[in-house]
Amino acid sequence: DAKTTQPTSMDCAEGRAANLPCNHSTISGNEYVYWYRQIHSQGPQYIIHGLKNNETNEMASLIITEDRKSSTLILPHATLRDTAVYYCIALGANSKLTFGKGITLSVRP
Amino acid sequence: GAVVSQHPSRVICKSGTSVKIECRSLDFQATTMFWYRQFPKQSLMLMATSNEGSKATYEQGVEKDKFLINHASLTLSTLTVTSAHPEDSSFYICSARGTSGSETQYFGPGTRLLVL
């Protein structure tokens, strides 16, 4: 699976949108972009995934660039409970989900 | 989303004993289940992959005789840490992938193991 690169950390104010970037310049055509998050001392939580088109669900929006080399996870109205480590992962069919270091998002009051 | 449970949530045991951790998919059938381990301030590390009814596939460096995995049904996988030692103390997390063809894995809440 393609390697992904994320900043180490970022913060945002409560109530504002949090935009989490991810680079995956070597992603192949059949690899999806997956986002998970891990709140301290809990198991990872699935957020969203996409292939080419932008996706939105009740948790977040995923914006994938046309060339698929990068994407952005958007939490539209961040709350304190969104403080977590967010993982961007490129995953192909029948592949194993492996985690990098992710990006630590801190939401401040 | 799909729900995965783990039991127990935390366990303390004496060195040399064995500990079994259960992972269940509650509202879907899981063809494949995965076991991860996470040490403090580190990311999750995949230990093994198990498909229902067949032997687990272990990642490099993970001892299959020490970490016994059984995936006897489409909703249950167990991880047994045999002859546990203090260095096995960690956060063990399972995940499950359904039979629908989607690659999405859903994770359990994790089991905190402390070996004294």
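Let me sum up the structure you'll find in this document. Remember, predicted model here, so these are calculated numbers, not experimental data.

### With respect to the overall build of chain B
For step 1, the next point in the chain: When you go through chain B residue by residue, the secondary structure sums to zero helices and 11 strands.
For step 2, the next point in the chain: Each helix and strand of chain B, ordered N terminal to C terminal, gives the series β-β-β-β-β-β-β-β-β-β-β.
For step 3, the next point in the chain: Taking 13 Å as the expected radius of gyration for a compact globule of 116 residues, we find that chain B reaches 13 Å, a close match to that expectation.
For step 4, the next point in the chain: Along the first, second and third principal axes, the C-alpha atoms of chain B reach 40 × 25 × 20 Å.
For step 5, the next point in the chain: Expressed as a percentage of the 116 residues in chain B, the buried residues total 49%.
For step 6, the next point in the chain: Contacts in chain B between residues at least 24 apart in sequence constitute 55% of all its contacts with a sequence separation of at least 6.

### A word on the environment of Thr4(A)
All names here are of chain A.
For step 1, the next point in the chain: Structurally, Thr-4 can be placed in the segment before β1 (9–13).
For step 2, the next point in the chain: Sequence separation between Thr-4 and Glu-66 is 62 residues, and the spatial gap between their C-alpha atoms is 17 Å.
For step 3, the next point in the chain: Other than its neighbours up to four places away in sequence, Thr-4 contacts Cys-22, Asn-23, His-24, Cys-88, Ile-89 and Ala-90.
For step 4, the next point in the chain: Polar contacts involving the side chain of Thr-4 include one to the main-chain carbonyl oxygen of Cys-88, which spans 2.8 Å.

### Points about the interface of chain B and chain A
For step 1, the next point in the chain: Across the boundary between the two partners, chain B contributes 20 residues, which contact 19 residues of chain A.
For step 2, the next point in the chain: For the chain B face of the interface with chain A, the top three residues by lost area are Leu44(B), Glu103(B) and Phe107(B), together amounting to 33%.
For step 3, the next point in the chain: Our enumeration of links across chain B and chain A arrives at one salt bridge.
For step 4, the next point in the chain: At the junction of chain B with chain A, the criterion picks out nine residue pairs in polar contact (both at pLDDT 80 or more).
For step 5, the next point in the chain: Counting residues per element, the ones that place at least two in the side of chain B that touches chain A are β4 (30–38), β5 (45–51), β9 (90–98) and β10 (105–107) of chain B.
For step 6, the next point in the chain: The residue makeup of the side of chain B that touches chain A, split by class, is nine nonpolar, seven polar and four charged.

### Some words on the side chain of Thr49(B)
For step 1, the next point in the chain: Assignment of secondary structure puts Thr49(B) in strand β5.
For step 2, the next point in the chain: Discounting chain neighbours no more than four positions away, the residues touching Thr49(B) are Lys96(A), Thr32(B), Met33(B), Phe34(B), Ala56(B) and Thr57(B).

### With respect to the pattern of salt bridges
For step 1, the next point in the chain: In total, this model carries six salt bridges over all chains according to the counting rule given.
For step 2, the next point in the chain: One salt bridge in this structure joins Arg108(A) and Asp11(A), with 3.2 Å as the shortest N-O distance. Separated by 97 residues along the polypeptide, Arg108(A) in strand β9 (residues 103–108) and Asp11(A) in strand β1 bring together distant segments of the chain.
For step 3, the next point in the chain: Judged by its relative accessible area of 46%, Asp11(A) falls in the partly exposed class.
For step 4, the next point in the chain: When the shortest N-O distance is used, the salt bridge between Glu22(B) and Arg24(B) registers 3.4 Å.
For step 5, the next point in the chain: What makes Glu22(B) partly exposed here is its relative accessible area of 24%.
For step 6, the next point in the chain: A relative accessible area of 34% places Arg24(B) in the partly exposed class.

### Focus: the nonpolar core
For step 1, the next point in the chain: Membership of the largest hydrophobic core comes to 24 residues, with the highest contact counts inside it found for Trp35(B), Phe67(B), Leu79(B), Tyr92(B) and Leu113(B).
For step 2, the next point in the chain: At the level of secondary structure, the elements contributing two or more residues to this core comprise β2 (10–13), β3 (19–25), β4, β5, β7 (67–73), β8 (76–81), β9 and β11 (111–115) of chain B.
For step 3, the next point in the chain: With near-sequence residues (within four places) excluded, Leu113(B) lies in contact with Val11(B), Cys13(B), Val19(B), Val81(B), Asp88(B), Ser89(B), Ser90(B) and Tyr92(B).
For step 4, the next point in the chain: Within the second largest apolar cluster, 23 residues are counted, among which are Cys22(A), Ala60(A), Leu62(A) and Cys88(A).

### With respect to the sheet that holds strand β2 (residues 18–23) of chain A
For step 1, the next point in the chain: In spatial order, the strands read β2-β7-β6-β5 (chain A); together these four strands make up an open sheet with antiparallel pairing. Each of the sheet's edge strands pairs with one partner strand only, and the pair in question is β2 and β5 (55–56) of chain A.

Definitions and limits used
Residues numbered from 1 in each chain as written. Chains lettered and ligands numbered in written order. Predicted model: local features only at pLDDT ≥ 70, side-chain atom pairs only at ≥ 80, totals over all residues. Heavy atoms only, no water. Helix = DSSP H or I, 4+ residues; strand = E, 2+ residues; numbered from the N terminus. Rg over C-alpha atoms; globule rule 2.2 N^0.38 Å. Buried < 20%, exposed > 50% of the residue type's maximum accessible area, 1.4 Å probe, protein only. Contact = heavy atoms within 4.5 Å. Polar contact = N/O pair within 3.5 Å; in protein donor to acceptor, adjacent residues only side chain to side chain. Buried area = accessible area lost by both parts, 1.4 Å probe. Salt bridge = Lys/Arg side-chain N within 4 Å of Asp/Glu carboxyl O. Nonpolar A, V, L, I, M, F, W, Y, C, P; charged D, E, K, R; others polar. Core = buried A, V, L, I, M, F, W, Y, C linked by side-chain atoms within 4.5 Å. Pairing = 2+ DSSP bridges.

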